[in-house]
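Each chain, written out:
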Amino acid sequence: KILILDFGSQVTQLIARRVRELNVYCEIHPYNHIPEIGDDVKGVILSGSPCSVREEDSPRVDMSLFRNKLPLLGICYGAQLLAHTAGGEVMASGHREYGRAMMDKKSGENPLFANISEHSQVWMSHGDTIVSVPESFEIIGSTDSVRVAAFHIKGEQTFGIQFHPEVTHSSEGKEILKNFVVNICGCSQNWTADSFVESTVAALKEKLGDDKVVLGLSGGVDSSVAAVLIHKAIGKNLYCIFVDNGLLRKNEYEQVLESYKSLGLNVKGVNAKDQFYAALSGLTDPEAKRKAIGKVFIDVFDQESHLIEDVKWLGQGTIYPDVIESVSVKGPSATIKSHHNVGGLPDFMKLKVVEPLNTLFKDEVRAVGRTLEIDPNILQRHPFPGPGLAIRILGDITAEKVQILQEVDAIFINGLKNKGLYNQVWQAGAILLPINSVGVMGDERTYEKVVALRAVSSVDGMTADWCHLPYEFLAEISNEIINKVKGVNRVVYDISSKPPATIEWE
Ligand code: XMP
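Owing to the predicted nature of the structure, the values given are computational and were not obtained by experimental measurement. (Residues numbered from 1 in each chain as written. Predicted model: local features only at pLDDT ≥ 70, side-chain atom pairs only at ≥ 80, totals over all residues. Heavy atoms only, no water.)

We now examine the overall build of the protein. Looking only at helices and strands, one finds 13 helices and 18 strands in the protein. Seen along its three principal axes, the alpha-carbon backbone of the protein occupies a region of about 85 × 60 × 40 Å. Counting across all 506 residues of the protein, residues that qualify as buried make up 53%. Long-range contacts, defined here as pairs at least 24 residues apart, represent 74% of the contacts in the protein between residues at least 6 apart. (Helix = DSSP H or I, 4+ residues; strand = E, 2+ residues; numbered from the N terminus. Buried < 20%, exposed > 50% of the residue type's maximum accessible area, 1.4 Å probe, protein only. Contact = heavy atoms within 4.5 Å.)

Attention now moves to the site of the ligand. All residues adjacent to the ligand are Arg290, Pro385, Gly386, Pro387, Ile391, Trp426, Gln427, Gly461, Lys498, Thr502, Ile503 and Glu504. Within the contact set of the ligand, an oxygen atom lies 2.8 Å away from a side-chain nitrogen or oxygen of glutamine 427. Lysine 498 places a side-chain nitrogen or oxygen 2.7 Å from an oxygen atom of the ligand. Looking at the shell around the ligand, its residues break down into 5 nonpolar, 4 polar and 3 charged. (Near = heavy atom within 4 Å. Polar contact = N/O pair within 3.5 Å; in protein donor to acceptor, adjacent residues only side chain to side chain. Nonpolar A, V, L, I, M, F, W, Y, C, P; charged D, E, K, R; others polar.)

This part is about the packing of aromatic side chains. In this structure the tally under the stated criterion is 14 aromatic pairs. Here the aromatic residues Phe7, Tyr31 and Tyr77 are joined through ring pairs into a cluster of three or more. When the ring centre of phenylalanine 361 is taken as origin, the NZ or CZ atom of arginine 17, which lies over that ring, is 5.3 Å away. Over the ring of tyrosine 422 we find lysine 417, and its NZ or CZ is 4.9 Å from the ring centre. (Phe/Tyr/Trp six-rings, centres within 6.5 Å; stacked < 30°, edge-to-face > 60°. Lys NZ or Arg CZ within 6 Å of the ring centre and 35° of its normal.)

A separate point is the environment of proline 376. Within the secondary structure layout, proline 376 lies in helix α11 (residues 376-379). Since its relative accessible area comes to 55%, proline 376 is described here as exposed. In the structure, proline 376 is positioned 46 residues away from tyrosine 422 in sequence and 13 Å away in space, judged by C-alpha atoms.

This next bit is on the sheet that holds strand β12 (residues 267-271). To summarise the sheet geometry, strands pair through backbone hydrogen bonds and adopt either a parallel or an antiparallel arrangement. Strand order in this open sheet of 5 strands is β12-β11-β10-β13-β14, and the pairing throughout is parallel. Edge positions in the sheet fall to β12 and β14 (352-354), since each of these pairs with one other strand and no more. On average, each strand axis in the sheet is tilted by 30° relative to the strand beside it, whichever way the strands run. Bridge count for strand β13 (residues 311-315) against β14 is 3 bridges, and the pairing is parallel. Its bridge partner being in β14, leucine 314 is matched across the sheet by valine 353. The sheet contacts of helix α6 (residues 252-262) involve β10 (212-217), β11 (238-244) and β12, and relative to β12 the element is tilted by about 165°. Lying over the sheet, helix α8 (residues 286-306) contacts β10, β11, β12 and β13, oriented at roughly 145° with respect to β11. (Pairing = 2+ DSSP bridges. Axes fitted to C-alpha atoms, helices over the stretch in contact; angles between N-to-C directions.)

Take the environment of valine 451 next. Inspection of the secondary structure assignment puts valine 451 in strand β16 (residues 444-457). Spatially, the C-alpha atoms of valine 451 and isoleucine 34 are 51 Å apart, while their sequence positions differ by 417 residues. Not counting residues up to four positions away in its chain, the partners in contact with valine 451 are Val408, Ile431, Leu432, Ile481, Val488, Arg490, Val491 and Val492.

What follows deals with the domain arrangement of the protein. By a widely used convention, the size of an interface equals the accessible area lost when the partners come together. Splitting the protein by domain gives domain 1 (2-184), domain 2 (193-379) and domain 3 (394-493). Inter-centroid distance (C-alpha atoms) of domain 1 to domain 2 is 38 Å. Contacts between the two partners involve 18 residues from domain 1, matched on the other side by 15 residues from domain 2. Taken together, both faces of the contact between domain 1 and domain 2 bury some 1400 Å²; the carbon and sulfur share is 54%. When the buried area of domain 1 at its contact with domain 2 is split by residue, Gln13, Arg17 and Arg20 rank highest and sum to 34% of it. For the pair domain 1 and domain 2, the number of links is 2 salt bridges. A salt bridge links arginine 17 to aspartate 363; the nearest nitrogen and oxygen atoms lie 3.4 Å apart. Of all the secondary structure elements, the ones that give two or more residues to the side of domain 1 that touches domain 2 are α1 (12-21) and β2 (26-30). If one sorts the elements of the side of domain 1 that touches domain 2 by residue count, α1 sits on top with 4 residues. Grouping the constituent residues of the side of domain 1 that touches domain 2 by class yields 9 nonpolar, 5 polar and 4 charged. (Domains from an automatic or database assignment. Buried area = accessible area lost by both parts, 1.4 Å probe. Salt bridge = Lys/Arg side-chain N within 4 Å of Asp/Glu carboxyl O.)

What follows is the structure in structure tokens.
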């Protein structure tokens, strides 16, 4: 595997994604929590950082742990750190160098740039620049404004590049990473969904033996894939619980339960609608609603898990982005975590935790799901918030409002599916607004509810843009909603991007 040391760059995860796309396994670790480097580590990549090596307290590592022992590639800050610690000079550039640049290869063939064009487009994003390097450094790439755009330390497998090969604007970035990871480090490209399933199922068998596991299904991709993997390893000893909180989409509970059963999972559906509605009654503050829902869920889950005799493990669909420790660049002591007070937790949380997907990115979870032949309807689902429709009904929640919103949402989502738009949209849904507006039906004035439709494109939900859905489509959906859903006489479309707006309305 490849070890990626994170110095706090926004794009460190992208480096990992690119390496994984080469079917090579890699792990991200904070620069200040470097794991033991065993024989399985074939090379090290140093990430970028918002810091400057010229600052006294900028993040540092003990290079002797790996330099000249393993192939080493510094990217941006990582390259500057290599130059700085080897006696080179790094200075502030006169201007921030940001965006596209053309790099010229220097001094013939270097293994890092094998099969790379003589002039290659690269993506720069840095405030500092390397102005001088020691004798032992060979400059292997330059751009018009950056003389030391890439270097190789002679006699070592150590390289530095000022640009970002992990972003797609570096047109041959993936080739460069492949040269490093495959040719220089010698990693074999055998990290695939199939191999992951095979090794994970074997490891789960070993770890869980005859123990029982309880797992809460949400209907989403992650918990479904986690369940099927664990099921493949231990069969009926996996007890799945799927709670109807009364805040799911129309018919979702029945449909999802059905598809879980056809996957062979041992799943118990628990109808707890009334408990959720009772806890939500009269609450209008979004955070209070979220807390109430979280609490009821824990109560229900705790109660259900007590019914499973001698259960030892809690299965979870946690994925890699949730567990990558974020790096604090304010100093090495700032990332120490406090431990929960175990005494106050519900019983199920005292179980040992098994998280078979905690090394995977979302797209890899989907690929594993395809290998496991999980229903594409589950794998391609839009993300849906845990508190469900409760945070799409602004203000207080009643069963009647839930029902109205379910009808509206179903028309919108089915419309997207029927028109082949669903998979082009990252997330879509409807929001019930806490206001009435005037309308006219026949000779009567009406005073009824307003709903908003929201559809966004996004990569990870951190930023998003509103989808430019066809006008004709929006017109049809609006008509259908107003004609079919009693109590709604106006439909609006949300054209805000995130930031500054968010995807959900509360
Ligand atoms: P925002 O509204 O913050 O949403 O732009 C980003 C993503 O997070 C989801 N979201 C939630 N998911 N519990 C969840 O499980 C929540 O309380 C919650 N709030 C927002 C939202 O649907 C979007 O995918």
